[in-house]
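Residues per chain, in single letters:
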Amino acid sequence: MALRVCGRFLRDGAVLSRLAVAAPEDRASRLLTAGRAARGRGQAPGFIFTPACFITSEAFLNRLIKGKAAEEDGSLYRLPASVPPDSGEQLSLLLRHPDQPDNPKVLKVAVIGAPNAGKSTLSNQLLGIKVFAVSKKVHTTRTRAMGVLTEDDTQIILLDTPGLTSVSKVKRHQLEKTLLTDPWNTVKEADLMVVLVDVSDRWMCSRLDFEVLKCLAQHPDIPAILVLNKVDKVKAKDRLLSITAELTCGVVNGRRMRVKPAIKPPWAERSPEKDFSESPADDDSTGGPGDSAGGHHGNDRPNSALSREQLKALSSQRGWPHFKDIFMLSAVDREDVETLKKYFMAGAKPGSWQYHSEVLTDQSPEEVLSNTIREKLLEYLPQEVPYSMTQSIELWQDGENSELDIWVKLYAKKDTHMRMVIGTAGQMVARIAQEASEDLTRVFLREVKLKLTVKLRK
């Protein structure tokens, strides 16, 4: 009865409508964060409100009276995705039945490439929130992780993989076996492969990594696109065309390219034009994937190893002639990545969602914590020091003011390593704890107080 009276009062008043439009977005974002954070761990779920600046007064009343998600212009408004700070809640969310729209669409995208190409940075930018560890050092991502991007009636499942590497390198550096198995197993699940190349690395951009070529050759039925990353660091932009021609063997989507050389003064030596005319490619270049992303799955064919003859042919091959499309971007630029995101949305095919719309990642809160701390260790510690560190969670509990208190013990291999982590007067470990706390607060939508201690591993 009270809600009906409230509803009639609000409908008759024009004040709320004006407020709903005029309220600043940043204020609503803070309210939303505070509203989610106010719900303590283990407590019964309370009323989760929708900021008024995003909805009309009528939709707000429907939310109040009917207890349903607010709708605006016929589209469903969803709360910002986050990772529940409780592992039980995260598991329950992953197992929850997907809230299917009327005409659901889905696309599974595997992001592959050489180590340190920017795969996790790209995945974070696509998701709009940092859930995967990122650093300038190689092998930051050690295992396969999943991110879920849900907008309107479309769900994009991003499969972030470790950098493709060889058996000899794993043995030489005593790396985890997941660096060998996870990328290959992940590709089998994908509807689309994204091959990421760091064009700022002069040694790597002139040809595709051999492990990447092997992965592409072993799964020719899965459509693949080439993404040239870090283009903002390339001063001579005309080089990007030459790089594209090399990495695609001059063929994109079954058609040959035409790349003209840079304009030079009349006295400069005239170089021959690369003739990749706009005509159908040769027969050996048209046996690639289907026309649409998601048309075929890699697990439709046996995952057989390549023959010696095939490996020998790949070793002399610089690029892959079966890419469906090419993108040039900087993974840290939101506008650049937005174009790629729209491409994924357009390429999604009709199919049931696999996860509830509130799912952001399949990582547990503890895994998010561990990866965040390791990211900071990789960022600030030299050489092999961060790779030899191990972690142990000592405490994970709610604080007095609804904050999340976490204590983690770091174990160093050597005494010199331990002193490096602690730093002068404890400044280094304090800095790592502070920055990790800030990142975790954004992921959990809840204030996190992280305490780190360092011990010598016995």
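Conventions we followed
- Residues numbered from 1 in each chain as written.
- Predicted model: local features only at pLDDT ≥ 70, side-chain atom pairs only at ≥ 80, totals over all residues.
- Heavy atoms only, no water.
- Helix = DSSP H or I, 4+ residues; strand = E, 2+ residues; numbered from the N terminus.
- Buried < 20%, exposed > 50% of the residue type's maximum accessible area, 1.4 Å probe, protein only.
- Contact = heavy atoms within 4.5 Å.
- Areas by Shrake-Rupley, 256 points an atom, 1.4 Å probe, with all protein chains shown as cover.
- Phe/Tyr/Trp six-rings, centres within 6.5 Å; stacked < 30°, edge-to-face > 60°.
- Pairing = 2+ DSSP bridges.
- 1 Å grid on protein atoms, 1.4 Å probe; cavity = no way out; pocket = protein on both sides within 12 Å on 5 of 7 lines; lining within 4 Å.
- Points joined across faces, edges and corners; volume = space filled by probe spheres on them.
- Nonpolar A, V, L, I, M, F, W, Y, C, P; charged D, E, K, R; others polar.
- Axes fitted to C-alpha atoms, helices over the stretch in contact; angles between N-to-C directions.
- pLDDT = per-residue confidence, 0-100.
- Parallel < 35°, antiparallel > 145°, perpendicular 65-115°, else oblique.
- Left-handed = near helix turned anticlockwise from the far one by under 90°.
- Polar contact = N/O pair within 3.5 Å; in protein donor to acceptor, adjacent residues only side chain to side chain.
- Patch = residues over 30% accessible without salt bridge, like charges linked within 9 Å, V, L, I, M, F, W, Y side chains within 5 Å.
- Salt bridge = Lys/Arg side-chain N within 4 Å of Asp/Glu carboxyl O.
- Lys, Arg positive; Asp, Glu negative; His and termini not counted.
- Charge placed at Lys NZ, Arg CZ, Asp CG, Glu CD.
- Expected span 1.5 Å × (residues − 1).
- Core = buried A, V, L, I, M, F, W, Y, C linked by side-chain atoms within 4.5 Å.

Asker: It is not clear to me how the overall build of the protein chain should be interpreted in this structure. Could you clarify?
Answerer: Across its full length, the protein chain carries 16 helices and 14 strands. For the protein chain, the residues scored as buried account for 45% of the 458 residues in total. In the protein chain, of all internal contacts separated by at least 6 residues, the share reaching a separation of at least 24 is 73%. Per element, the accessible surface of the protein chain, about 24300 Å² overall, is 52% carbon and sulfur.

Asker: How should the packing of aromatic side chains be read in this particular structure?
Answerer: Centre-to-centre distance and the angle between the planes together describe a pair of aromatic rings. Within this structure, the stated rule accounts for three aromatic pairs. When the centroid spacing of 4.9 Å and the interplanar angle of 70° are considered together, the rings of Phe327 and Tyr343 count as edge-to-face. Linking Phe327 in strand β10 (residues 326–328) with Tyr343 in helix α12 (residues 334–347), this pair joins segments that are 16 residues apart in sequence. Owing to a relative accessible area of 13%, Phe327 belongs among the buried residues under this scheme.

Asker: Is there a simple way to think about the pairing of strand β3 (residues 105–113) in this case?
Answerer: If a strand is regular, its side chains alternate between the two faces of the sheet. Of all nine residues making up β3, eight are buried, and the element is well covered by its neighbours. In this sheet, strand β5 (residues 154–160) lies alongside β3 in parallel orientation, the contact comprising seven bridges. Bridging from a neighbouring strand, Val106 pairs with Gln155 of β5. In this sheet, strand β6 (residues 192–198) lies alongside β3 in parallel orientation, the contact comprising five bridges. Each residue of the ladder has a partner; that of Gly113, found in β6, is Leu196.

Asker: I would appreciate a short explanation of empty space enclosed by the protein in the present structure.
Answerer: To find leftover empty space, one rolls a probe the size of a water molecule over the atoms. The full count for this structure, using the stated rule, is two cavities of 30 Å³ or more. Roughly 70 Å³ of volume is contained in the largest cavity. Along the walls of the largest cavity sit Lys130, Val131, Phe132, Ala133, Val368, Asn371, Thr372, Glu375, Asp439 and Val443, which together make up its complete lining. Going through the elements one at a time, α13 (365–380) and α16 (427–444) are the ones with two or more residues in the lining of the largest cavity. Sorting elements by how many residues they give to the lining of the largest cavity places α13 first, with four residues. When its residues are assigned to classes, the lining of the largest cavity shows five nonpolar, two polar and three charged.

Asker: Help me understand the sheet that holds strand β12 (residues 390–398) in this model?
Answerer: Strand-to-strand pairing in sheets goes through backbone hydrogen bonds, with the strands running parallel or antiparallel. As summarised here, the arrangement of the three strands in space is β12-β13-β14, forming an open sheet in which the pairing is mixed. With one partner strand each, in any of the chains shown, β12 and β14 (448–456) form the two edges of the open sheet. The sheet shows a mean angle of 15° between the axes of neighbouring strands, direction not considered. Where strand β13 (residues 404–412) lies against β14, nine bridges are found, and the strand directions are parallel. Counterpart to Ile406 in the pairing with β14 is Leu450. Against the sheet, helix α15 (residues 415–422) makes contact with β13 and β14, and its axis sits at roughly 155° relative to β14, the strand it touches most. Where α16 meets the sheet, its contacts fall on β12, β13 and β14, and the angle it forms with β14 comes to roughly 140°.

Asker: Would you explain the confidence of the model for the protein chain in this entry?
Answerer: Across the protein chain, pLDDT averages 75, with 66% of residues at or above 70. Put simply, helix α2 (residues 15–22) is where the protein chain has its lowest mean pLDDT, 37, and β13 is where it has its highest, 96. With pLDDT under 50 throughout, residues 1–77 is counted as low confidence; its partners more than four residues away or in other chains account for 77 contacts. Every residue in residues 262–304 is under pLDDT 50, and counting partners more than four places away or in other chains gives 84 contacts.

Asker: It is not clear to me how the packing of helix α9 (residues 210–218) against helix α11 (residues 308–315) should be interpreted in this structure. Could you clarify?
Answerer: A pair of packed helices can be characterised by two numbers: the angle between their axes and the separation between those axes. One can describe the packing of α9 onto α11 by two numbers: an axis separation of 10 Å at closest approach and a directional angle of 130°. In this view, α9 runs oblique relative to α11, as classed from their interaxial angle. Note that α9 runs across α11; the crossing there is right-handed. Mapping the contact onto sequence places Phe210, Leu213, Lys214 and Ala217 in α9 and Leu311, Leu314 and Ser315 in α11.

Asker: Sorry if this is basic, but what is going on with the side chain of Thr154 here?
Answerer: With respect to the element layout, Thr154 can be found in strand β5. The class for Thr154 is buried, based on a relative accessible area of 4%. At 3.1 Å, the side chain of Thr154 forms a polar contact with the side chain of Asp153. Apart from residues no more than four positions distant in its own chain, Thr154 is found in contact with Lys105, Leu149, Met345, Ala348 and Trp353.

Asker: Mind showing me how you'd approach a negative patch on the surface here?
Answerer: A cluster of acidic residues, Asp232, Asp333, Glu335 and Glu338, forms a negative patch at the surface. Note that Asp232 resides in the loop between β7 (224–229) and α10 (239–247).

Asker: What is the right way to read the side chain of Lys324 from this model?
Answerer: Considering the arrangement of structural elements, one finds Lys324 in the loop between α11 and β10. Its relative accessible area of 9% is what places Lys324 among the buried residues.

Asker: It is not clear to me how α12 should be interpreted in this structure. Could you clarify?
Answerer: Helical geometry note: an α-helix holds 3.6 residues per turn, so side chains three or four residues apart project in the same direction. For α12, spanning 14 residues, the distance from its first C-alpha to its last is 20 Å, which sits close to the expected 20 Å at 1.5 Å a residue. Capping the start of α12 is the job of one residue whose side-chain oxygen sits 2.9 Å from the backbone nitrogen of Glu335: Asp333.

Asker: Looking at this structure, I do not really get the nonpolar core. What am I missing?
Answerer: As a rule of thumb, nonpolar side chains are buried together in soluble globular proteins. With 55 residues, the main nonpolar core has Val109, Leu122, Ile156, Phe344, Leu410 and Leu452 as its most contacted residues. At seven residues, α16 tops the list of elements feeding residues into this core. Each residue touching Phe344, except ones within four places of it in the same chain, is listed here: Leu107, Val109, Leu126, Ile156, Leu158, Leu192, Val194 and Ile225. Counting 26 residues, the second-largest nonpolar core is a separate cluster that includes Cys205, Leu213, Cys215 and Leu228.

Asker: Help me out: how do you make sense of the pattern of salt bridges in this one?
Answerer: Any two side chains of opposite charge can pair, given that their charged atoms come close. Across all of its chains, the model carries 15 salt bridges by this definition. Measuring nitrogen to oxygen at the nearest pair gives 3.3 Å for the salt bridge that ties Lys230 to Asp198. A residue pair is termed long-range when its members are at least 10 positions apart, and Lys230 in the loop between β7 and α10 and Asp198 in strand β6 qualify at 32 residues. When sorted by exposure, Lys230 lands in the same class as Asp198, which is buried. Three or more residues are tied together by salt bridges with common partners; here these are Lys130, Glu375, Lys376, Arg431, Glu435, Asp439 and Arg442.

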